[in-house]
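Examination of the molecular architecture
Residues per chain, in single letters:
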Amino acid sequence: MIVDRNEYRQRREQIMEKIGSGTAIFRSAPIAVMHNDVEYIYRQDSDFFYLTGFNEPEAVAVIAPHHPEHRFILFVQPKDPAMETWTGYRYGVEGAKEVFGADEAYSIAEIDEKLPQYLEKADRIYYHLGRDRAFNEKILSHYQRLIATYPRRGTGPVAIEDTNSIVHPMRQIKSHSELEMLRKATAISAAAHNRAREFAKIGRYEYQIEAEIEHTFRVEGGIGAAYPSIVASGSNACILHYVENNRQLQDNDLLLIDAGCSYGYYNGDITRTFPVNGKFTPEQKILYEIVLEAQLKAIEAVKPGNPYNQFHDTAVRVIVEGLMDLGLLLGDIEEIIKEEKYKPFYMHRTGHWLGLDVHDVGAYKCGEEAWQTLQPGHVLTVEPGIYVACDIKPVEGQPEVPEKWRGIGIRIEDDVLVTPDGNEVLTAAVPKAIADLES
Ligand code: GLY
Ligand code: MN
Ligand code: MN
């Protein structure tokens with residue numbers, strides 16, 4: 001399952017329309033070092049991949065719609081049989097043209113010599129100042145030279161604009177083929193959670209459950225974990241990004257698993273929390289019911305036309321009401337919400353965009369006050385939680401938390417597509433109803 005090459009071309013054409021007489025430059029992701037001379041498996045920069053489908057390091061993509069012959073140019077690592085024996089196949093300059101549709105391609109070693117011809121007549125450079133500082137310097141020095149010589153040439157870029165504002169709104173609305181990739185990523189993620197739930201038993205270690213999850217990711221053709229899997233038993237569930245995964249599961253533990261598969265660079269992101277021994281304690285069940293209601297109501301608020309914050313605000317209200325009913329929060333509900341007095345129990349937002357990045361790109365707000373309006377094709381997570389850390393410190397004026405609630409952490413997270421009529425939960429295959437989690 002891959003995105004059709006024509007789709008990459010169509011995306012570049014959309015960029016061309018937006019930048020008019022400008023030139024856009026995209027840099028591949030740097031190679032990440034694991035230790036000494038061992039590298040992590042290469043992961044292309046998401047914008048670069050979105051526009052090219054090209055998955056090699058040391059590359060630069062240039063989109064220059066005003067150029068008379070070359071509107072899409074790739075700089076790549078040249079073919080080198082000796083190197084390829086060590087590090088794998090390269091498409092090379094010819095492959096960049098034949099397979100990836102570049103009008104012209106060069107070795108990356110030629111960038112300083114060949115790039116200026118695509119900048120000299122552009123009215124703007126579009127470039128994101130990224131993590132590769134040396135490459136940023138290169139672009140800035142080309143720009144400075146062109147600015148300095150502008151009076152004599154009478155043409156050239158007069159500004160650098162970030163590419164985020166042109167590419168990220170496109171990435172926010174998922175195409176049909178992107179949704180297919182997301183469906184596959186979320187289906188594998190769901191299968192992994194279901195396998196993990198079967199496997200989780202008293203006496204097993206969190207890392208053994210992590211291994212079961214990641215086994216499914218790979219066996220089903222995924223690249224691997226989209227982020228370090230969180231397998232958090234007992235009070236570890238109160239640590240939001242717990243990744244040590246080294247505790248042995250105990251009787252009466254809840255187990256919180258937050259894990260998602262990356263498939264073809266698209267990501268799933270699912271959290272489930274369930275009792276290891278098949279039976280919630282009374283306190284666990286009460287808090288779980290609140291989180292589940294918050295999540296279900298929040299999902300109902302995911303529909304076209306609703307402002308982005310609505311599902312978060314919905315979840316917060318359900319959680320606050322629930323905690324007030326238990327006497328864990330006291331006072332006026334509106335004041336508790338406005339002054340965020342619930343934050344010792346619920347300290348994160350209820351979701352994020354999901355796509356090529358787990359925390360995907362795109363604006364949540366347009367201006368200080370106005371939230372993005374949900375539209376068909378948006379994909380986001382809905383992931384409320386309640387975390388009662390063993391040493392929880394309520395805000396001033398709020399009651400101490402009785403011992404019986406402490407050490408319980410719960411999050412429920414699904415991946416949700418906004419559809420013309422409402423939404424579709426892409427991760428519905430993983431049960432979350434209490435009846436399905438108890439045995
Ligand atoms: N697993 C990261 C998140 O849920 O946002
Ligand atoms: Mn997650
Ligand atoms: Mn998430």
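Description of the structure in this document. (Residues numbered from 1 in each chain as written. Chains lettered and ligands numbered in written order. Predicted model: local features only at pLDDT ≥ 70, side-chain atom pairs only at ≥ 80, totals over all residues. Heavy atoms only, no water.)

Turning our eyes to something else, we now look at the coordination of the manganese ion (ligand 3). Within the protein, the manganese ion (ligand 3) binds to D269 (OD), H352 (NE2), E383 (OE) and E413 (OE); these donor distances fall in the range 2.0 to 2.2 Å. Donor residues for the manganese ion (ligand 3) sit on one chain with the sequence pattern D-x82-H-x30-E-x29-E. Exposure remark for H352: the relative accessible area of 8% places this residue in the buried category. On the basis of relative accessible area, E413 is assigned to the buried category, the value being 0%. (Donors = N, O, S within 2.8 Å, 3.2 Å for Na, K, Ca; no water. Buried < 20%, exposed > 50% of the residue type's maximum accessible area, 1.4 Å probe, protein only.)

The next thing to look at is unusual backbone geometry. Here the phi dihedral of E58 falls at roughly 55°; this positive angle occurs in a residue that is not glycine. Judged by relative accessible area, which is 34%, E58 ranks as partly exposed. The residue Y265 is not glycine, and still its phi comes out positive at about 80°. Under the relative-accessibility criterion, Y265 is labelled buried at 6%.

So, about the site of ligand 1. As a matter of local geometry, ligand 1 sits amid Y227, D258, D269, H352, H359, E383 and E413. A distance of 3.2 Å separates a nitrogen atom of ligand 1 from a polar atom in the side chain of D258. Alone, ligand 1 offers 190 Å² of accessible surface; in the complex the protein occludes 88% of this. Broken down by class, the residue content of the shell around ligand 1 amounts to one nonpolar, two polar and four charged. (Near = heavy atom within 4 Å. Polar contact = N/O pair within 3.5 Å; in protein donor to acceptor, adjacent residues only side chain to side chain. Areas by Shrake-Rupley, 256 points an atom, 1.4 Å probe, with all protein chains shown as cover. Nonpolar A, V, L, I, M, F, W, Y, C, P; charged D, E, K, R; others polar.)

Turning to the sheet that holds strand β5 (residues 72-76), a few remarks are in order. One open sheet holds the six strands; their spatial order is β6-β5-β4-β1-β7-β8, and the pairing between them is mixed. Of all strands in the sheet, those with a lone pairing partner are β6 (104-107) and β8 (160-161), marking the two edges. Here four bridges tie β5 to β6, and the two strands are oriented parallel to one another. Paired with F75 across the two strands is Y106, which belongs to β6. Strands β1 (23-27), β4 (60-63), β5 and β7 (125-127) of the sheet are contacted by helix α1 (residues 5-19), whose axis makes an angle of about 55° with β4. (Pairing = 2+ DSSP bridges. Helix = DSSP H or I, 4+ residues; strand = E, 2+ residues; numbered from the N terminus. Contact = heavy atoms within 4.5 Å. Axes fitted to C-alpha atoms, helices over the stretch in contact; angles between N-to-C directions.)

Looking at where E98 falls in the secondary structure, it is placed in helix α4 (residues 92-98). Along the sequence, E98 and K121 sit 23 residues apart, while their C-alpha atoms lie 27 Å from each other.

Before going further, it helps to examine a positive patch on the surface. Together, K121, R145, R152 and R153 give the surface a local cluster of positive charge. Checked against the element boundaries, R145 lands in helix α7 (residues 133-153). Classification of R145 by relative accessible area gives partly exposed; the value is 37%. (Patch = residues over 30% accessible without salt bridge, like charges linked within 9 Å, V, L, I, M, F, W, Y side chains within 5 Å. Salt bridge = Lys/Arg side-chain N within 4 Å of Asp/Glu carboxyl O. Lys, Arg positive; Asp, Glu negative; His and termini not counted. Charge placed at Lys NZ, Arg CZ, Asp CG, Glu CD.)

Among the secondary structure elements, R12 is positioned in helix α1. Buried charge without a salt bridge: R12, with E13 as the nearest opposite-charge side chain at an N-O distance of 7.4 Å. Among the polar contacts made by the side chain of R12, one reaches the main-chain carbonyl oxygen of L51 at a distance of 2.9 Å. If we ignore the near neighbours within four places in the chain, the residues touching R12 are L51, T52, I63, F72, F100 and G101.

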